[in-house]
Amino acid sequence: MTQAPVNVTVTGAAGQIGYALLFRIASGQLLGQDKPVRLRLLEIPQAVKAAEGTALELEDGAFPLLAGIDIFDDPKQAFEGTNVALLVGARPRTKGMERGDLLEANGGIFKPQGEAINAGAADDIKVLVVGNPANTNALIAKAHAPDVPAERFTAMTRLDHNRAIAQLAKKLGVPVSDVKKMTIWGNHSATQYPDIFNAEVKGRSAAEAVNDQAWLENEFIPRVAKRGAEIIEARGASSAASAANAAIDHVYDWVNGTPEGDWVSMGVPSDGSYGVPEGLISSFPVVCKNGSYEIVQGLEINDFSRARIDASVAELSEERDAVTKLGLV
Ligand SMILES: NC(=O)c1ccc[n+]([C@@H]2O[C@H](COP(=O)([O-])OP(=O)(O)OC[C@H]3O[C@@H](n4cnc5c(N)ncnc54)[C@H](O)[C@@H]3O)[C@@H](O)[C@H]2O)c1
Ligand SMILES: O=C(O)C[C@H](O)C(=O)O
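Every value quoted in this text rests on a predicted model; they were computed, and no experiment measured them.

(A) Representation of the overall build of the protein. Within the protein one finds eleven helices and 14 strands. The C-alpha radius of gyration of the protein comes to 19 Å, within 12% of the 20 Å expected for a compact globule of 329 residues. For the protein, the C-alpha atoms occupy an extent of roughly 50 × 45 × 40 Å along the three principal directions. Burial statistics for the protein: of 329 residues in total, 53% are counted as buried. Sequence separation of at least 24 residues holds for 73% of the intrachain contacts in the protein that already meet a minimum separation of 6. Surface exposure of the protein reaches about 14,200 Å², of which carbon and sulfur atoms provide 49%. Separation of charge centres in the protein, based on 31 positive and 42 negative side chains, amounts to 3 Å.

If you want it as structure tokens, here you go:
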């Protein structure tokens, strides 16, 4: 180890995504094989013991890049000096819970976490929100970290992006590596819009290669957008390993850059691009370079795409209005 370890804070560390994520971080897959990491795990007090159990297993992995593990139940301590924050822990919707209750309960988590990041994180902090509703939770955290550049707060739509690539490759009978320039627009929810009009398969328009509007409308879009529910139905639990995999992809690309001739999808604060109201955390196509990202500009948006992007963005605006009313942003 030649470099100083990178401090990575993971919230919800004792949960199912945490269990799938931590070993991959320790093995160097989050940041790169030349970067030692120090893990800072945040859990609620009742789950600290379980996080300690995971830490014992991490120790047993004898990972050469793992420089240390600390466990906290206080966000202020957990985000002290943090370079990369993965906000996975969130309040799930329980029976009888209204949408407003869910947003309020998550406000109780993401507001203090935003404040703690503002107070103590490292200057180069990068934040990925995984916990649902991810875009709006990221908006809440961002609102309470006024000293951190807004673009450091991102929400995960990479799982949707990867799902869309896999479904398209399957339809066309090509390897996933042949699919480039996939885009997820909007919210990480059933309104999201996976766009194949700007995607390419072996350099050719993916929409032209598919040439099947009924499949696009009735199978592809709903399949990708509702894949989370399909997994819950089949597995009896929400996606965990694939979500952890997407979190690894998101941060790895943000830190190390996207490949030439391709882009990825990230939920990022809108700068008004593509008519998305400024400040909303919405999914866009982005290219990453030198540790930062830029929204890909100049893509053609046809009427079909426009209507779907607008619907998802309208949902994000409603969520923002709801958390504004609750005084969370
Ligand atoms: N964006 C995406 O693509 C995507 C995909 C899958 C799951 N998710 C979401 O990720 C979240 C986590 O999923 P999971 O399966 O790991 O859930 P889980 O219930 O297994 O684990 C969540 C963990 O978070 C902890 N936690 C709760 N409040 C906390 C707080 N204030 N601080 C720290 N930890 C806290 C809990 O104790 C629990 O251990 C859920 O909100 C889920 O909906 C998002
Ligand atoms: O946890 C969920 O509701 C589903 C999750 O966001 C997913 O996309 O798999």
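(B) Here's a closer look at the site of ligand 1. The immediate surroundings of ligand 1 are formed by 23 residues, with Gln16, Ile17, Glu43, Val130 and Asn132 found nearest. At 2.8 Å from an oxygen atom of ligand 1 is found a side-chain nitrogen or oxygen belonging to asparagine 132. Elements with a minimum of two residues in the shell around ligand 1: α1 (16–26) and α4 (99–120). Built from parts of two domains, the shell around ligand 1 gets at least three residues from each of domain 1 (6–155) and domain 2 (157–322).

(C) Broad picture of the site of ligand 2. Around ligand 2, the neighbouring residues are Asn132, Arg163, His188, Gly228, Ser238 and Ser239. Between ligand 2 and asparagine 132 there is a distance of 2.8 Å, counted from an oxygen atom to a side-chain nitrogen or oxygen. Between ligand 2 and histidine 188 there is a distance of 2.7 Å, counted from an oxygen atom to a side-chain nitrogen or oxygen. For ligand 2, whose free accessible area comes to 270 Å², the fraction covered by protein is 70%. Split into classes, the residues belonging to the shell around ligand 2 amount to no nonpolar, five polar and one charged.

(D) Molecular detail of the packing of aromatic side chains. Applying the stated criterion across every chain, the model contains eight aromatic pairs. Taking 4.9 Å as the distance between ring centres and 70° as the angle between the ring planes, the aromatic pair formed by tryptophan 185 and tyrosine 274 counts as edge-to-face. You can see tryptophan 185 sitting in strand β8 (residues 183–185) and its partner tyrosine 274 sitting in the loop between β12 (264–269) and β13 (281–289), a full 89 residues away along the chain. An aromatic cluster is present here, built from Tyr19, Phe23 and Phe63 joined pairwise through their rings. Lying across the ring of phenylalanine 304, arginine 308 places its NZ or CZ 3.7 Å from the centre.

Conventions used here
Residues numbered from 1 in each chain as written. Chains lettered and ligands numbered in written order. Predicted model: local features only at pLDDT ≥ 70, side-chain atom pairs only at ≥ 80, totals over all residues. Heavy atoms only, no water. Helix = DSSP H or I, 4+ residues; strand = E, 2+ residues; numbered from the N terminus. Rg over C-alpha atoms; globule rule 2.2 N^0.38 Å. Buried < 20%, exposed > 50% of the residue type's maximum accessible area, 1.4 Å probe, protein only. Contact = heavy atoms within 4.5 Å. Areas by Shrake-Rupley, 256 points an atom, 1.4 Å probe, with all protein chains shown as cover. Lys, Arg positive; Asp, Glu negative; His and termini not counted. Charge placed at Lys NZ, Arg CZ, Asp CG, Glu CD. Near = heavy atom within 4 Å. Polar contact = N/O pair within 3.5 Å; in protein donor to acceptor, adjacent residues only side chain to side chain. Domains from an automatic or database assignment. Nonpolar A, V, L, I, M, F, W, Y, C, P; charged D, E, K, R; others polar. Phe/Tyr/Trp six-rings, centres within 6.5 Å; stacked < 30°, edge-to-face > 60°. Lys NZ or Arg CZ within 6 Å of the ring centre and 35° of its normal.

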